[in-house]
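The residues making up each chain are set out below.
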Amino acid sequence: MYFVALISEIRRYEQLMSERSFNTVFIGGGTPSVLDADKLAFIVSELIKRFSVANDAEITVEVNPESITPDKLLSMRCAGVNRISIGLQSADDAVLGSIGRAHDRETFLNAFELVSKCGFNNINVDVMHGLPGQTAASYIDTLELVSSLGARHISSYALILEEGTPLYDAVRCGDIELPDEDATADMEDMGFEFLASHGYRRYEVSNFAVPGYECKHNLNYWHNGEYLGLGLNSHSAMRIGGKWARWENASALDEYIADVSSSRLPVRNMRDIEPDEELFETVMLGLRMAEGVDRAEFEKRHGTDIVTRYAPIIVELELDGMIVADETHVRLTERGMDFQNEVLVKFLDQ
Amino acid sequence: MSFPRELIRNFCIIAHIDHGKSTLADRLMQLTDTVAERELEAQMLDSMDIERERGITIKSAAVRMFYRHADGKTYMLNLIDTPGHVDFTYEVSRALAACEGAVLVVDATQGIEAQTLANVYLALDNDLEIIPVINKVDLASADADNAIHEIEDIIGLPAEDAPRISAKTGLNVDEVLARIVSDVPAPAGDPDAPLKALIFDSIYDNYKGALSYVRVVDGAVRPGDRIRFMHSGNEFDVTEVGVFNPRWQPVEELTAGEVGYISASIKSVAETKVGDTITLANDPASEPLHGYKQANPMVFCGIYPADGADYEALKEALDKLILNDASISYEPETSQALGYGFRCGFLGLLHMEIAEERLEREFDLDLVTTAPSVIYRVVMNDGEVRMIDNPSNLPSPMEISKMEEPMVTAHIMTPPEYVGAIMELCQDKRGIFENMAYLEETRVKLTYRMPLNEIIFDFFDGLKSRSRGYASFDYELGEYEESDLVKLDFLLNGDICDALSTIVHRDKAYGKGRAVAEKLKEVIPRQQFEIPIQAAIGGKIIARETVRALRKDVLAKCYGGDITRKKKLLEKQKEGKKRMRQVGTVAVPSDAFMSVLRIN
């Protein structure tokens, strides 16, 4: 049912998006790799058919190590997929067990090998630090494994404990113990240093790539660019009639299916973003990147120079060693990256 | 035509918290058809939300009821409801002075408590006829005989024929009405003598201004009269007199023996002080009624807006609050840590808590309050005496010849099995044992002389927890006594935080310093640098804790679906920052100032 609805939604947008072109496609969120080979390939080909997707577009599919098969990979590749993102989290079986993942180190090794064999060379691996039972040694071991396999891109996220998740509840009632803040920070510092010394450039807070393999799709988010989300609970941002707008898709499956099957867009919470808010979003997202906010791009979009607009804060933050502003860019220092939220709160005040 | 004086009965109800005073009052009003069933809100007389929630009476209230007695005559019964807490002893005494009788309600499941006893003694001092009533006899755990036994043994009142009632179900409550008529004397007083009216409470109304709740002792008062407050000397023209029905109902006059209110376009309750005597300006009484006292604040604390921008709003709220409660004092003060605020004085700790709660609730303010302090008497080397209510204003020890603190005599009543634990608590609070008496087999009365500053913090809580809630206590103020007091300061990253300074006895400084430092470590969030927390007396550090530096404050993931949420998180972080106070280099959450009050 969901698959049918998703295809209908894609077709529904065909006319609406006829004037726009897309440089990247990202199929992720949840585990698209559980769909069978035909369906996955059909989604990709449907997107390419209905939308104007660039010839050299980056087309990524997120997969879990335990749910990929040669036929899935091959049909994806035939459909045009050219980048695979594998959710590993950790190569330490004890750690994987504690967060309830279905795969182990061995499964991942086989999966990576399979992806490579099927002709993908642009592979990302997601790993995490600050997981229950994880030590710095275990984390570095994971990074070592992933880099030795030749992954071109590594995302390494510090665990965020979110209310309402089973892990949050388990930690609160003491069933699971997490490494403390300092241990996680130590892990992060060591891991990021390891990645830098192994040819990976930190181009965003949590993202590392061999130069040339940065994820174009995600870079678009950080440039506060337009994107169209399709499927359950996906998010979109677009300039519509001169106004910057954001919306979400229905997050309840029955609502989503009901809307799509009665020819409605499953859109929820469509809202205009005021120019001031849009401008702050550009700062908030841009400062996540190592290169920072491009001053010329910023001025072109928002009609004001970022340094002029935020002069007192930028001066204060420069003195604190948090930020650097040069002729072309405003970017965070390494320390600024560590305290990014505090930096952004200052921008929020203005 | 005024109501025949011999058919008037003025009475109050004395009871411990939860012994059923308000429920009984409700039931009496119902039985006399003073309020229709459908109008009856539980606990009619406690009109403030806080009163209903806490089950206590803060302001006095009154109600007039008409009761048809078995003798065929209809009597006017004026019930004056009194506050029920040690902080308001003076108000209670004035309310009692307005009555000829008191109904003493004793909970058949609990027996007599210290607070009840204190109020019974006040009633006896005022020559009131006391009618004991045993309440809650419907409960399985009720022991009415024991309660009667206690009344006879402890107070020395005959109680054999005390009505055994259930205010909740209404059982035997009519017997109470009959006893009020038969036992309480009709008011004395001369309707033709010059006016003397005792103010037993005053309240502020947005339309009528400050109203005096009075018991007319002699004479009469009518609208148009020019009245004089004998202690303050202020004069006003009466615009309205009325009775409590229980809502205000204007009448033509109030005469000797009656209870009612006087409205005279008075701007603030500060001008119509409880205990003052009202007389006529052109035919004044020769002397006021006895017993007037200025109610002085005993406990002081700093009150600051959580958001500095709300200073004006706080000022306005305090202005309005004292329209209704003249016993609160306040004056502007500044703190390096908290900015602009007020040093406020209260009758006691409960009074302080209630005022804070009313400010936050009725005026929608977020407040930061500093630790409560008593007034210390500081004798300087040159003999000058200074009264210090704010620890930050304490002169340097080098200039001080001696310091004195206010003492109280505390009376504690408890079942004997808790005596040991309570004595330990009193000792810990620097109490000096004075007396222990067995009132009966199951009840001991302990008397201690204690520093007021030890009971304003958590003494009451400590007493309750060490006696499983069975002990009760009451205190009366005593003299100032010399004491070895020191100022305990707290330094955050090397800077003294004035709002945390407190005056303590030297023997307790170490323990307190360590406890507060530990607490601060818990409540101050990690920041970009390490924060040493130090407790110090003079220049000497007596305790130290460290808040380790924050290492990272960054959201790891931020993709298309996270942007709106991420922005909201930042907004929230910004709001949190607003609630922080800057102490030197350190940001301290507003709650920290209050959480250090609650340490064990």
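Residues numbered from 1 in each chain as written. Chains lettered and ligands numbered in written order. Predicted model: local features only at pLDDT ≥ 70, side-chain atom pairs only at ≥ 80, totals over all residues. Heavy atoms only, no water.

### A word on the overall build of chain B
Reasoning step 1: Of the regular secondary structure elements, chain B holds 14 helices and 32 strands.
Reasoning step 2: Compactness check: chain B gives a C-alpha radius of gyration of 27 Å against a globular reference of 25 Å for 600 residues, within 12% of the reference.
Reasoning step 3: Dimensions of chain B along its principal axes, counting C-alpha atoms only, are 85 × 70 × 55 Å.
Reasoning step 4: Across the 600 residues of chain B, 57% fall into the buried class.
Reasoning step 5: A separation of at least 24 residues holds for 69% of the contacts in chain B among residues at least 6 apart in sequence.
Reasoning step 6: About 24900 Å² of surface is accessible on chain B, with carbon and sulfur atoms providing 47% of the total.
Reasoning step 7: For chain B, the centre of its 67 positive side-chain charges and the centre of its 97 negative side-chain charges are spaced 9 Å apart. (Helix = DSSP H or I, 4+ residues; strand = E, 2+ residues; numbered from the N terminus. Rg over C-alpha atoms; globule rule 2.2 N^0.38 Å. Buried < 20%, exposed > 50% of the residue type's maximum accessible area, 1.4 Å probe, protein only. Contact = heavy atoms within 4.5 Å. Areas by Shrake-Rupley, 256 points an atom, 1.4 Å probe, with all protein chains shown as cover. Lys, Arg positive; Asp, Glu negative; His and termini not counted. Charge placed at Lys NZ, Arg CZ, Asp CG, Glu CD.)

### With respect to the domain arrangement of chain A
Often, the extent of an interface is quoted as the loss of accessible area upon association of its parts.
Reasoning step 1: On domain assignment, one finds that chain A holds domain 1 (21–221) and domain 2 (293–349).
Reasoning step 2: A straight line from the C-alpha centre of domain 1 of chain A to that of domain 2 of chain A covers 30 Å. (Domains from an automatic or database assignment.)

### Topic: the pairing of strand β21 (residues 385–388) of chain B
Residues and elements named next belong to chain B.
Reasoning step 1: One ladder, built from four bridges, connects strand β20 (residues 376–380) with β21; its direction is antiparallel. Each residue of the ladder has a partner; that of V379, found in β21, is V385.
Reasoning step 2: Remark: four residues form the turn of the hairpin made by β20 and β21, two consecutive strands paired antiparallel; G383 in that turn has positive phi of roughly 90°. (Pairing = 2+ DSSP bridges.)

### Describing the packing of helix α3 (residues 89–97) of chain B against helix α4 (residues 114–125) of chain B
Residue and element names in this part refer to chain B.
Reasoning step 1: At a minimum axis separation of 9 Å, α3 and α4 run at an interaxial angle of 40°. Between α3 and α4, the angle falls in the class oblique. Handedness of the α3/α4 crossing: right-handed. Between α3 and α4, the residues in contact are T89, V92, S93 and L96 and N119, L122 and A123, respectively. (Axes fitted to C-alpha atoms, helices over the stretch in contact; angles between N-to-C directions. Parallel < 35°, antiparallel > 145°, perpendicular 65-115°, else oblique. Left-handed = near helix turned anticlockwise from the far one by under 90°.)

### Re the pattern of salt bridges
All names here are of chain B.
Reasoning step 1: Applying the stated criterion across every chain, the model contains 58 salt bridges over all chains.
Reasoning step 2: One salt bridge in this structure joins R377 and E404, with 2.8 Å as the shortest N-O distance. Highlighted residues: R377 in strand β20 and E404 in strand β22 (residues 400–414), separated in sequence by 27 residues.
Reasoning step 3: Taking relative accessible area as the criterion, R377 reaches 27% and is therefore assigned partly exposed. (Salt bridge = Lys/Arg side-chain N within 4 Å of Asp/Glu carboxyl O.)

### Quick look at the packing of helix α1 (residues 2–16) of chain A against helix α10 (residues 253–261) of chain A
Residues and elements named next belong to chain A.
Reasoning step 1: Viewed as axis vectors pointing N to C, α1 and α10 meet at an angle of 50°, and their least axial separation amounts to 9 Å. By the angle between their axes, α1 is oblique relative to α10. Judged by the sense of rotation from one axis to the other, the crossing of α1 with α10 is left-handed. Where α1 approaches α10, its residues Y2, A5, L6, S8, E9 and R12 are matched on the opposing element by L253, Y256, I257 and V260.
Reasoning step 2: Taken together, the residues of the contact of α1 with α10 sort by class into seven nonpolar, one polar and two charged. (Nonpolar A, V, L, I, M, F, W, Y, C, P; charged D, E, K, R; others polar.)

### Details of helix α14 (residues 311–319) of chain A
Residue and element names in this part refer to chain A.
Reasoning step 1: Inspection of α14 places I313, I314 and L317 among the buried residues, and these make up the whole buried set. All buried residues of α14 fall inside an arc of 95° around its axis, so they share one side. In α14, those exposed residues whose orientation departs by more than 90 degrees from the buried face are P312 and L319.
Reasoning step 2: G321 occupies a position one or two residues after α14 and carries a positive phi of about 75°. (Arc of directions from axis to C-beta.)

### Details of the interface of chain B and chain A
Reasoning step 1: Contacts between the two partners involve 26 residues from chain B, matched on the other side by 39 residues from chain A.
Reasoning step 2: Together chain B and chain A conceal approximately 3200 Å² of surface at their shared face, both sides included; 52% is due to carbon and sulfur atoms.
Reasoning step 3: Taken as a group, B:Q528, B:R551 and B:Y559 account for 21% of the area that chain B buries against chain A, more than any other trio of residues on that side.
Reasoning step 4: Here chain B is connected to chain A by eleven salt bridges.
Reasoning step 5: The residue B:R526 makes a salt bridge to A:D182 at a minimum N-O spacing of 2.5 Å.
Reasoning step 6: Linking chain B to chain A there are 25 residue pairs in polar contact (both at pLDDT 80 or more).
Reasoning step 7: Grouping the constituent residues of the side of chain B that touches chain A by class yields nine nonpolar, five polar and twelve charged. (Buried area = accessible area lost by both parts, 1.4 Å probe. Polar contact = N/O pair within 3.5 Å; in protein donor to acceptor, adjacent residues only side chain to side chain.)

### Considering the sheet that holds strand β7 (residues 209–218) of chain B
Residue and element names in this part refer to chain B.
Reasoning step 1: Pairing is antiparallel across the open sheet formed by eight strands, whose spatial order is β10-β9-β15-β6-β7-β14-β11-β12. Strands with a single pairing partner mark the edges of an open sheet, and in this sheet they are β10 (235–237) and β12 (248–251). Neighbour-to-neighbour, the strand axes of this sheet turn through a mean angle of 40°, independent of strand direction.
Reasoning step 2: Pairing between strand β9 (residues 226–229) and strand β15 (residues 277–280): three bridges, direction antiparallel. Residue F229 lies in a different strand from β15, and its bridge partner there is I278.

### Remarks on the sheet that holds strand β10 (residues 267–272) of chain A
Strand pairing within a sheet occurs via backbone hydrogen bonds; the two strands may be parallel or antiparallel.
Residue and element names in this part refer to chain A.
Reasoning step 1: Taken together, the three strands give an open sheet; going across it, the order is β8-β9-β10, and neighbouring strands pair in antiparallel fashion. Strands at the two margins of the open sheet, each flanked by one partner only, are β8 (235–240) and β10. Neighbour-to-neighbour, the strand axes of this sheet turn through a mean angle of 20°, independent of strand direction.
Reasoning step 2: Both strand β9 (residues 243–249) and β10 contribute to a ladder of four bridges, which runs antiparallel. Residue E248 lies in a different strand from β10, and its bridge partner there is R268.

### Regarding the state of the cysteines
Reasoning step 1: Per the counting criterion, the structure on display carries zero disulfides over all chains.
Reasoning step 2: B:C558 provides the cysteine sulfur closest to A:C215, a residue in no disulfide bond, and the two sulfurs are 14 Å apart. (Disulfide = S-S within 2.5 Å.)

### Let's talk about the nonpolar core
Nonpolar side chains tend to gather and get buried jointly when the protein is soluble and globular.
Residues and elements named next belong to chain A.
Reasoning step 1: Counting residues in each nonpolar core, the largest one holds 59 residues, and the members touching the most others are F51 and I84.
Reasoning step 2: Among the elements that make up this core, the one with the highest residue count is α1 (six residues).
Reasoning step 3: Among residues more than four places away in sequence, those in contact with F51 are I10, Y13, E14, M17, F22, L228 and L230. (Core = buried A, V, L, I, M, F, W, Y, C linked by side-chain atoms within 4.5 Å.)

### Observations concerning the pairing of strand β28 (residues 502–505) of chain B
All names here are of chain B.
Reasoning step 1: Neither face of β28 is open: one carries T502 and V504, the other I503 and H505, and all of them are buried.
Reasoning step 2: Both strand β26 (residues 485–492) and β28 contribute to a ladder of four bridges, which runs antiparallel. The partner of V486 across the bridge, within β28, is V504.

### Some thoughts on the environment of A:L96
Residues and elements named next belong to chain A.
Reasoning step 1: Positionally, L96 belongs in helix α4 (residues 93–98).
Reasoning step 2: Judged by its relative accessible area of 1%, L96 falls in the buried class.
Reasoning step 3: Setting aside its immediate chain neighbours within four residues, L96 contacts L88, Q89, S90, R101, H103, D104 and R105.

### What about helix α11 (residues 459–466) of chain B?
All names here are of chain B.
Reasoning step 1: Taken together, the buried positions of α11 are occupied by F459, G462 and L463. The buried residues of α11 occupy an angular sector of 100° when projected down its axis, which confines them to one face.
Reasoning step 2: Those residues of α11 that are buried are in contact with β22, α9 (419–428), β24 (443–451), α10 (452–455) and β25 (472–482).
Reasoning step 3: At the C-terminal side of α11, R468 shows a positive phi close to 50°.

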